[in-house]
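Coordinate inspection notes
In case you want the letters, here they are:
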Amino acid sequence: METLAAYDYLVVGGGSAGSVLAARLSDVDDVSVGLIEWGVSDQHDERALLLRRWPEMLESEHHLDYPCVEQPRGNSHILQARARILGGCSSHNGMIAFRPPARDLQEWVELGARGWGPAELLPYYERLATHIVPVAPAHRNPYLRDVIDAAATALAIPVRERWNNEPLVDGTGFLELGYYPSTGMRSSASVDYLHPIADTRMNLDLILRTRARRLVIDEARRARAVEVECDDGSLRRIEARHEIILACGAIDTPRLLLLSGVGPGEELRDAGVPVVHDLPGVGRNLCDHPEGLIVWEAKAAVGSIAASGWDAIIAVRLDDTRSAPDILCHVPLMTFAEHSERMGFVTPEPSVSMTPNVAKPRSRGRVWIGSPDPERPPLIDYRYFTDPAGHDEAVLVAGMRLARLVADTEPMAHWIAREVFPGPDVQADDQLSALARATHSTVYHVCGTCRIGAHDDPAAVVDPQLRVRGIDGLRIADASVFPTITTVNPVVTIMMVAERAADLIRSRNA
Ligand SMILES: Cc1cc2nc3c(=O)[nH]c(=O)nc-3n(C[C@H](O)[C@H](O)[C@H](O)COP(=O)(O)OP(=O)(O)OC[C@H]3O[C@@H](n4cnc5c(N)ncnc54)[C@H](O)[C@@H]3O)c2cc1C
């Protein structure tokens with residue numbers, strides 16, 4: 001197979017983490033970096049650049065929807081949205097920007113991720129090039145102001161103007177977002193890390209419309225190159241002199257490892273993939289935030305004033321002894337009710353909705369492949385609501401009740417004509433749980449599938465330096481390395497992980 005090029009560092013996946021990594025690794029002249037990205041550049045596509053247009057991205061040619069396997073206790077119709085474009089999901093997400101709570105990072109350390117605690121990781125928040133600001137006054141929707149006031153009264157929680165400069169406990173308010181209010185431009189990883197250097201940094205190549213199909217690992221178990229499929233369908237090799245860093249996200253990073261023969265030996269054999277290295281943790285420990293849905297007929301349309309359309313939140317602890325919220329309830333301006341509609345519930349016009357999510361879910365799933373064919377979709381089993389103590393189900397039901405309480409309270413109450421889903425007759429816990437689980441969605445926060453762990457932890461995929469255990473010259477830096485899910489929306493944490501990964505790589509090879 002023809003070799004296309006060779007670089008000191010090859011970053012595979014130019015998404016939220018990969019864009020940060022490529023920019024940081026290439027800011028030294030004497031190092032060459034190749035960034036392999038499956039999709040195209042976002043640079044001239046306003047759907048990707050303007051935050052308000054993100055729902056159009058979900059309908060676009062850049063969008064991937066990965067189905068899941070049958071979910072006995074959750075919704076089997078969930079499609080996991082992924083963006084195949086420079087900036088990855090940060091080019092089509094809501095850019096809700098939360099610094100991770102210190103408690104979450106402490107938990108990472110307790111799970112073996114030495115060096116990833118609050119003292120080491122939080123300083124990287126200050127280094128982010130991301131423009132994080134509260135929803136601008138001009139973008140504050142009057143309906144959301146009323147929901148915020150109602151939530152503060154109903155739940156006895158404070159209204160917060162900022163979320164990232166103090167510990168995250170209970171509160172409600174407009175969010176902080178990664179965006180530029182004067183232009184409406186999103187502050188994606190691509191916009192802030194790659195656009196400023198894309199045409200001027202000669203030691204960085206953006207290798208676009210190029211998909212990694214397999215890693216080339218030699219007999220000494222060193223990752224040497226990536227086999228890629230170019231836009232014209234040809235197969236080539238791109239070589240790495242120092243290291244390959246995978247940043248394809250929590251679904252496609254384990255998928256690429258598995259297609260390369262790195263993963264649980266038995267699963268690989270079942271899939272017909274020759275085993276290169278038996279690494280049991282690959283694809284395991286899949287974490288995600290499941291979110292419920294509650295829909296009301298509104299007495300009036302909420303209007304179009306918005307930053308992203310998902311601009312406000314209610315964060316609640318179920319118990320005062322908890323150090324971080326159990327429920328994060330998003331308050332969108334649009335109603336995404338495909339799952340309740342599928343069950344025959346008609347969404348009226350106008351409508352409003354809320355989506356309470358389980359902030360610290362305990363259920364764990366997995367991602368794997370059923371075939372050596374890279375064209376076949378990955379197999380995803382979230383195993384939502386399967387934790388033995390029933391924590392996730394109980395929190396989901398509590399979140400649905402909380403949303404109802406807020407809607408019954410002024411000044412939100414005067415917007416509401418009637419509850420249409422689940423509907424006022426659904427009151428008992430088991431009824432509420434059954435409907436909420438049948439129609440829940442994902443907040444698209446998949447992570448944890450190649451988790452960091454101690455050197456001697458057989459379930460860990462990478463060590464605390466993010467090196468793939470048992471393979472030289474290969475690291476991972478994206479959402480898949482999270483030991484557990486963050487309480488909050490994860491994109492900021494992912495970029496912080498990438499910032500730190502760049503430091504780890506540079507210090508090792510200095
Ligand atoms: C619709 C939506 C809304 C969201 N809203 C928010 C939000 O408001 N706030 C928040 O914090 N989080 C949000 N998230 C989650 C967040 O955006 C993601 O968790 C995060 O962006 C993932 O970052 P990543 O670097 O791990 O992967 P990604 O950003 O997905 O990057 C992976 C990149 O790898 C590329 N790639 C994949 N496979 C290959 C391959 N084989 N070869 C070459 N390239 C490959 C992809 O094209 C992509 O560019 C949202 C997610 C979605 C989908």
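Quick notes on the rules
Residues numbered from 1 in each chain as written. Predicted model: local features only at pLDDT ≥ 70, side-chain atom pairs only at ≥ 80, totals over all residues. Helix = DSSP H or I, 4+ residues; strand = E, 2+ residues; numbered from the N terminus. Rg over C-alpha atoms; globule rule 2.2 N^0.38 Å. Buried ≥ 20, exposed ≤ 12 C-beta atoms within 10 Å, placed from the backbone. Contact = placed C-beta atoms within 7 Å. Axes fitted to C-alpha atoms, helices over the stretch in contact; angles between N-to-C directions. Parallel < 35°, antiparallel > 145°, perpendicular 65-115°, else oblique. Nonpolar A, V, L, I, M, F, W, Y, C, P; charged D, E, K, R; others polar. Near = placed C-beta within 6 Å. Left-handed = near helix turned anticlockwise from the far one by under 90°. Pairing = 2+ DSSP bridges. Domains from an automatic or database assignment.

Per the secondary structure count, the protein chain includes 14 helices and 24 strands. In terms of C-alpha radius of gyration, the protein chain reaches 22 Å, essentially the compact-globule figure of 24 Å for 510 residues. Taking the principal axes of its C-alpha atoms as reference, the protein chain extends roughly 65 × 50 × 45 Å. Every one of the 510 residues in the protein chain was classed for burial, and the buried ones make up 56%. Long-range contacts, defined here as pairs at least 24 residues apart, represent 74% of the contacts in the protein chain between residues at least 6 apart.

Axis separation between helix α12 (residues 391-407) and helix α13 (residues 429-439) bottoms out at 9 Å; the angle between their running directions is 95°. Classified by the angle their axes make, α12 and α13 are roughly perpendicular. The segment α12 lies against α13, with E393, L396, V397 and M400 engaging D429, L432, S433, A436 and R437. Residues of the contact of α12 with α13, tallied by class, amount to five nonpolar, one polar and three charged.

This part is about the environment of W38. On the secondary structure map, W38 appears in the loop between β2 (33-36) and α2 (46-49). Take W38: there are 25 C-beta atoms within 10 Å of it, and that puts it in the buried class. When the C-alpha positions of W38 and P290 are compared, they lie 28 Å apart, and in sequence the two are 252 residues distant. The contacts of W38, once residues within four sequence positions are left out, are R84, T210 and R211.

For the ligand, the set of nearby residues contains 38 residues, the closest of which are G13, G15, G88, N93 and G94. Contributing elements (two or more residues each) for the shell around the ligand: α1 (16-25), β4 (80-83), β10 (211-217), α9 (249-259) and α14 (491-509). Take the shell around the ligand: its biggest share by element is four residues, from α9.

Cis rather than trans, the peptide bond between E349 and P350 has omega equal to -10°. Within the secondary structure layout, P350 lies in the loop between α11 (338-342) and β19 (351-358). Residue P422 is reached from F421 by a cis peptide bond, and omega for that bond is 0°. Positioned with a positive phi, R209 is a non-glycine residue whose angle comes to about 50°. Inspection of the secondary structure assignment puts R209 in the loop between β9 (204-207) and β10. The phi dihedral of F385 is positive, around 60°, even though this residue is not glycine. Among the structural elements, F385 can be located in the loop between β21 (379-381) and α12.

Relative to each other, helix α7 (residues 142-155) and α12 sit at 110°, their axes nearing to 8 Å. It follows that α7 is roughly perpendicular to α12 by the angle criterion. Between α7 and α12 lies a crossing whose hand is right-handed. Side by side, α7 and α12 meet where V147, A150, A151, A154 and L155 of the first sit next to L402, L405 and V406 of the second. A per-class count over the contact of α7 with α12 returns eight nonpolar, no polar and no charged.

Turning our eyes to something else, we now look at α1. Counting buried positions over the ten residues of α1 gives ten, a clear majority of the element. Buried within α1 we find S16, A17, G18, S19, V20, L21, A22, A23, R24 and L25.

As a further point, take the sheet that holds strand β8 (residues 185-186). Strand order across the open sheet formed by three strands is β5-β7-β8, with antiparallel pairing between neighbours. The open sheet has two free edges, formed respectively by β5 (132-134) and β8, since each of these has just one partner strand.

Below, the discussion takes up the domain arrangement of the protein chain. Considered domain by domain, the protein chain is made up of domain 1 (1-131 + 186-287 + 448-510) and domain 2 (136-174 + 290-360 + 385-439). Summarising the inter-unit geometry, the C-alpha centres of domain 1 and domain 2 are found 31 Å apart. Considering only residue class, the side of domain 1 that touches domain 2 consists of seven nonpolar, five polar and four charged.

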